[in-house]
Every structure is written in C-alpha cells, then in structure tokens.
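Here are the chains, one letter per residue:
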Amino acid sequence: SSGINAEYGDRLQSQHHLHHPLCFHSHTFAEMGFKDTFLPYSFYMVKFVSVFYVGKWLLPIIEHKFPHFNIHYAPLVWFECLYWFYGISHMIMDRTPNLWWGKYKVVQQESISDVQMLPNVIFNHLFLIASQIVYSTYIARGGSTEYDISIFTTLLEVAFYYFVFDLVFYYGHRFLHLPGVFEVLHKQHHQTKGSVGISGFYMHPVDYFLEGILPSFLGPFLLNGHLLSGLCYVSLNSINSPHSHGGYCFPFLPPPDNHYHHHRYYNKNYALGILDIFHSTTFTSQDGLITRGKVRMANEKSNKGVKER
C-alpha cells in the first residue's frame, strides 16, 4: 500500500488535473495558475504582513526593556517557537485523526514514528542554535535595526533570501543524491515518506548543514539586510518544513505534493521550484504516468512469470 489517501492518489495520478475535493489546487508548482496559488499561499501573505507590523512595534520595545539581550537572536528565538508549535501541532493532529483536521490528512505511510525521530530532530535544532550563536557573534555584519524600513523593501530582501536559499539548496540537494554521497549523508532523510511534520529535520547533521543552515544563512549574510526582514524570513521558513513533510492538505496552504513527489521519485522537485524549472526536474503529470507505466509493466512481467511456473 502506498499510504496515500485514495482520492488524493487519484488526483496525483491524473493526467487531466482532477482535483481532490479537499486539496483542490493543481498538483505541481509549474502547472499552477493564479486561482491555484492565491488561496493556498494566503496564509503566507497574512503571516508576512502581520509579522512585519508586529515586529516593527515589538522589537524596539524588547531592545529598550532588555538592553543586555542581543536583538539579533530574535529571529532564532522566533523560529524555534514557531517550528515547535507547528511540529507539536502535527504530532497532536496525527494522534487525533477523528477530529476535524483528520479529513485533511492525505499522505500517511511512515515506517518511523515521530517519537523515534525526536532525538535526531532535537540534536539538529541544537546544532542550528549553536550555529546561529556563532554566526551572530563572529560572522554576521550586524544588519540594520532602524525601524523605518518599508514593507516593500522588506519583501524585496526576503525575496532575495529565498532566491539564494533555492540556489544553494538545489545544488546542495543534488550533490546529496550523488552515488556514494546519498548512502552516507542523505539516505536517513529518505527513510521518511513525507507524512510526519518533524521529519523535515530528521537527517544526518552534515545533510542538515548543507540543506538547512548554509542556504538559510547565506542570503542574510550576503545582503546584510534588516532585522525585520530576517524575522519575516524565518517566520515563513518555520512552517515550510513541518507542512511539506506533514502530509496535510489544508485549503489555506500550498499542497504537500511538491516535496512528497521528491520523497516518492527521488529525482524530482529538489528545491522550492525556480531551479527545478530551470533544470527540468519539476515533477509533472507525465512523469507520474511514465513511472507508473514502468511499475505496471514490471508487475505484469512478474505475474506472468508466476503463472508460467
């Protein structure tokens, strides 16, 4: 059994973009239109705007009330709070499928439980915290904390961070799929199938450095942008990992198809989308049809051999 909700599986396997009644968007980033992107990404839009204005009001207060606190640690603290809120929420939802969110669970096929993943996930978070402290103390160039920055400038800075993230993440991820490298560094992560929220952090520490720390830190380092941009950036990042690995398809969030297809086919959807489109590694309906055709032919050949014996 593939572990995919049957209706959702039908949509994934459709050449004609049949829609799951709950997860109604087109199933690949490259095939999405405006109608398919506006509502699913509305949560990100609301989150960006709200974090910008709340941060613009709150950060100066924190600086004034807690003068000994390094304000450049604020994005790290905010990221950890949000990540564990989303991660623990997924753990609770997975244990209570009879409640309203259960109908949005479309992928469920893990052989490793979230409890088994926790020690490695916690270790990688400690690695992230240590890296952020070292970065902020010895490497970062300060960044602006003048709170007259506009929301448009913040949006441009966050867009640059994501461009750098996609660039570094894509090629680092392709490197991790090379023979010899995959078995040592990346195989652990691919033991998960994209249906447990915290599994996004379940990986070898070197893998996490190449896929998490390096692409996340490089953009802010190169641009030396505003603290508010960093806060908005990590606010969006904090939900990406739990959602893309959680197997839930809520109508106000992008479908989990993109990364699920990577865990299923390995050589598709390496990153956020831009570099996948450029290198033609985006999963399409036709890819699914070809793969399933090969599997079906292999099964038929196997069954024929059994009958002949």
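Quick caveat: nothing in here was measured; it's all calculated off a predicted structure.

Novice: Tell me about the overall build of the protein, and name the residues and values.
Specialist: Within the protein, the regular secondary structure consists of twelve helices and zero strands. Listing each helix as α and each strand as β along the protein from the N terminus yields α-α-α-α-α-α-α-α-α-α-α-α. The burial tally for the protein puts 49% of its 309 residues in the buried class. For the protein, long-range pairs separated by at least 24 residues make up 76% of all intrachain contacts whose partners lie at least 6 apart in sequence. A total accessible area of about 15,600 Å² is found for the protein, and carbon and sulfur atoms account for 67% of it.

Novice: An account of a nonpolar patch on the surface is needed here, citing residue identities and associated values.
Specialist: Taken together, the side chains of Val134, Tyr138, Ile139, Phe160, Phe221, Leu222 and Leu223 make up a nonpolar region of the molecular surface, amounting to roughly 640 Å² of accessible area. Secondary structure elements with two or more residues in the nonpolar patch: helix H5 (114-139) and helix H8 (205-223). Look at Leu223 and you get partly exposed, because its relative accessible area is 35%.

Novice: Talk me through the environment of Ile112; I want residue IDs and the actual numbers.
Specialist: Examined against the element boundaries, Ile112 turns out to sit in the loop between helix H4 (74-95) and H5. Ile112 sits 81 residues away from Lys193 along the chain, and the two C-alpha atoms are 9.2 Å apart. Setting aside residues no more than four positions away along its own chain, Ile112 makes contact with Met117, Gln191 and Tyr202.

Novice: Give me the packing of aromatic side chains: which residues, what numbers.
Specialist: Under the defined criterion, the tally for this structure stands at 23 aromatic pairs. Their ring planes at 65° and their centres at 5.4 Å tell us that Trp100 and Trp101 sit as a pair that is edge-to-face. A ring pair is formed by Tyr162 and Tyr233, whose centres lie 5.2 Å apart and whose planes are at 80°; its orientation type is edge-to-face. Placement of Tyr162 in helix H6 (residues 151-176) and of Tyr233 in helix H9 (residues 227-246) is noted, with a sequence separation of 71 residues between them. For Tyr162, a relative accessible area of 17% puts it in the buried group. Among the residues examined, Tyr233 registers a relative accessible area of 3% and is labelled buried. Three or more aromatic residues link up through ring pairs in this structure, and these residues are Phe43, Tyr44, Trp100, Trp101, Tyr104, Tyr248, Phe250 and Phe252.

Novice: Describe in detail the pattern of salt bridges, supporting the description with residues and values.
Specialist: Applying the stated criterion across every chain yields a total of two salt bridges. Between Asp94 and Lys105 there is a salt bridge; the shortest N-O distance is 3.1 Å. Of this pair, Asp94 sits in helix H4 while Lys105 sits in the loop between H4 and H5, placing them eleven residues apart in sequence. The partner of Asp114 in a salt bridge is Arg95, with the nearest N and O atoms 2.6 Å apart. Of this pair, Asp114 sits in helix H5 while Arg95 sits in helix H4; the two residues are 19 residues apart in sequence, bridging distant segments of the chain. Taking the relative accessible area as the measure of exposure, Asp114 reaches 6% and is therefore buried. When its relative accessible area of 49% is taken as the criterion, Arg95 is described as partly exposed.

About the criteria used
- Residues numbered from 1 in each chain as written.
- Predicted model: local features only at pLDDT ≥ 70, side-chain atom pairs only at ≥ 80, totals over all residues.
- Heavy atoms only, no water.
- Helix = DSSP H or I, 4+ residues; strand = E, 2+ residues; numbered from the N terminus.
- Buried < 20%, exposed > 50% of the residue type's maximum accessible area, 1.4 Å probe, protein only.
- Contact = heavy atoms within 4.5 Å.
- Areas by Shrake-Rupley, 256 points an atom, 1.4 Å probe, with all protein chains shown as cover.
- Patch = residues over 30% accessible without salt bridge, like charges linked within 9 Å, V, L, I, M, F, W, Y side chains within 5 Å.
- Salt bridge = Lys/Arg side-chain N within 4 Å of Asp/Glu carboxyl O.
- Phe/Tyr/Trp six-rings, centres within 6.5 Å; stacked < 30°, edge-to-face > 60°.

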